[in-house]
Amino acid sequence: MAPRKKKAQISVYLDPTTMKLLADYAARRDQPQSLIAEAAIASFLSPDAAEQREAAVAKRLDQLDRRMARLERDLGISVETLAVFVRFWLATTPTLPEPAAQAARAKAGERYEAFVSALGRRLAKGPRLAQEIAEEGGAAKA
């Protein structure tokens, strides 16, 4: 068995927050604080530390890229859904004669204001309709 080298001792000043984090981490791992500090310093001074940070950043960027792709897909679906609905509505709704059209436009203004008000309340309140539909669909499958 090779003889163990004696470790050098240093004094380090840590701010209270960092000290608490170190103490908590060491307690959770049931390891001495000096061992945790030594490993952290070795990791920080390691020549591959920059590569590890770069890998972590690259992984995070990949996750963000996948989220953006899902958002783009969902937005495309939403736009296409709206376009199909408008096309269907225009194709199936007959035009009104002029006196009735004027009354319909007045009523449409009232209904639009009520819609915008309801939408504002809905957005302020909580879960979106798409989220509710996804949750209900998941519950129905289970």
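All of the points below concern the structure found in this document. In this text, all values refer to a predicted model and were calculated from it rather than measured experimentally.

## Structural notes on the overall build of the protein chain
Moving on, step 1. Assigned secondary structure in the protein chain consists of five helices and zero strands.
Moving on, step 2. When the elements of the protein chain are put in sequence order from the N terminus, they spell out α-α-α-α-α.
Moving on, step 3. Its C-alpha atoms give the protein chain a radius of gyration of 31 Å, clearly above 14 Å, the size a compact globule of 142 residues would have.
Moving on, step 4. Taking the principal axes of the C-alpha coordinates as reference, the protein chain spans close to 100 × 35 × 30 Å.
Moving on, step 5. Expressed as a percentage of its 142 residues, the buried residues of the protein chain come to 4%.
Moving on, step 6. Carbon and sulfur atoms form 63% of the exposed surface of the protein chain, whose accessible area is close to 13,200 Å².
Moving on, step 7. In the protein chain, 23 positive and 18 negative side-chain charges are present, and the distance between their average locations comes to 4 Å.

## A word on the environment of Lys-20
Moving on, step 1. Examined against the element boundaries, Lys-20 turns out to sit in helix α1 (residues 16-29).
Moving on, step 2. Each C-alpha atom, one on Lys-20 and one on Ala-49, is 24 Å from the other, the two residues being 29 residues apart in sequence.

## Points about a positive patch on the surface
Moving on, step 1. A grouping of Lys-59, Arg-60, Arg-66, Arg-67 and Arg-70 is seen on the molecular surface, where their side chains present a positively charged patch.
Moving on, step 2. When you line up the elements, Arg-60 lands in helix α3 (residues 49-92).

## Comments concerning unusual backbone geometry
Moving on, step 1. Although it is not a glycine, Asp-30 sits at a positive phi angle of roughly 55°.
Moving on, step 2. The residue Asp-30 is located in the loop between α1 and α2 (33-45) in this model.

## Points about the pattern of salt bridges
Moving on, step 1. Applying the stated criterion across every chain yields a total of five salt bridges.
Moving on, step 2. Note that Arg-73 and Asp-74 form a salt bridge whose closest N and O atoms lie 2.7 Å from each other.
Moving on, step 3. When its relative accessible area of 48% is taken as the criterion, Arg-73 is described as partly exposed.
Moving on, step 4. Among the ionic pairs, Glu-110 bridges to Lys-107, the shortest N-O distance being 3.5 Å. Taken together, the positions of Glu-110 and Lys-107, both in helix α4 (residues 98-125) and three residues apart, correspond to about one turn of that helix.
Moving on, step 5. Residue Lys-107 is classed as partly exposed on the basis of its relative accessible area of 45%.

Conventions adopted
Residues numbered from 1 in each chain as written. Predicted model: local features only at pLDDT ≥ 70, side-chain atom pairs only at ≥ 80, totals over all residues. Heavy atoms only, no water. Helix = DSSP H or I, 4+ residues; strand = E, 2+ residues; numbered from the N terminus. Rg over C-alpha atoms; globule rule 2.2 N^0.38 Å. Buried < 20%, exposed > 50% of the residue type's maximum accessible area, 1.4 Å probe, protein only. Areas by Shrake-Rupley, 256 points an atom, 1.4 Å probe, with all protein chains shown as cover. Lys, Arg positive; Asp, Glu negative; His and termini not counted. Charge placed at Lys NZ, Arg CZ, Asp CG, Glu CD. Patch = residues over 30% accessible without salt bridge, like charges linked within 9 Å, V, L, I, M, F, W, Y side chains within 5 Å. Salt bridge = Lys/Arg side-chain N within 4 Å of Asp/Glu carboxyl O.

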